[in-house]
Amino acid sequence: RDISKTESSNFKIELDVTKVHFVSINDNYRSHLRTADAVFLCCSQNAANFGMVNTDFLADLKSDCFIINVARGGLINYDNVMTALENGKLGGLGLDVFHTEPFPADDPLLRHPKVIATPHVGGVTDISYQNMATILAANIVRLVRGEELHNVVNGVIF
């Protein structure tokens, strides 16, 4: 893999996707941390995993590992992560969510050269907006017809 910093403080990251492992938090995910080049957080947040990216979690990572959080901000202990970045124990951090929103613009984490942050729009593209509109329009038609709606996440709505 080639990880290099460019003059614009952006990272170029190339990972061998043939070695990707999808690990559930219910699996023994900690055993995979020692060999991971990148850890993507894509889980819900609850009392059991709040602050899960802490000193112990970070100690299990390779020092050049990247953490990318697209899930919930409370999964990360920001003080522990900042210390790991400062001490060279973490290769980089990608954030699309934050523990406080709006996240303070003057927070030192945002100025760190190994941090890339987006305002929870990392997955927003023309295609994703088109897909959202298509799904919404189809659900409106279903609603008018009295049919079951797709993608309902909070139970029966009527």
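An account of the accompanying structure is given in this report. Since we're looking at a predicted model, the values are computed, not measured. (Residues numbered from 1 in each chain as written. Predicted model: local features only at pLDDT ≥ 70, side-chain atom pairs only at ≥ 80, totals over all residues. Heavy atoms only, no water.)

Overview of the nonpolar core
Then, number 1: Residues V53, L61, I67, I76, L93 and L109 are the most contacted members of the largest nonpolar core, which totals 26 residues.
Then, number 2: Of all the elements in the fold, those that place two or more residues in this core are β3 (38-41), α2 (55-59), α3 (78-86) and β5 (92-95).
Then, number 3: A per-element tally of this core places α3 first, with five residues.
Then, number 4: What I76 contacts, discounting residues up to four positions off in sequence, is L41, G51, V53, I67, N69, V81, L93 and L95. (Core = buried A, V, L, I, M, F, W, Y, C linked by side-chain atoms within 4.5 Å. Buried < 20%, exposed > 50% of the residue type's maximum accessible area, 1.4 Å probe, protein only. Helix = DSSP H or I, 4+ residues; strand = E, 2+ residues; numbered from the N terminus. Contact = heavy atoms within 4.5 Å.)

Brief notes about the sheet that holds strand β4 (residues 66-69)
Then, number 1: The strand order β3-β4-β5-β6 describes an open sheet built from four strands, whose pairing is parallel. Edge positions in the open sheet fall to β3 and β6 (115-117), since each of these has one partner strand only. With strand direction ignored, the average angle separating the axes of adjacent strands in the sheet is 10 degrees.
Then, number 2: Where β4 and β5 come together, four bridges link them in parallel fashion. Along β5, the bridge assignment pairs F66 with G92. (Pairing = 2+ DSSP bridges. Axes fitted to C-alpha atoms, helices over the stretch in contact; angles between N-to-C directions.)

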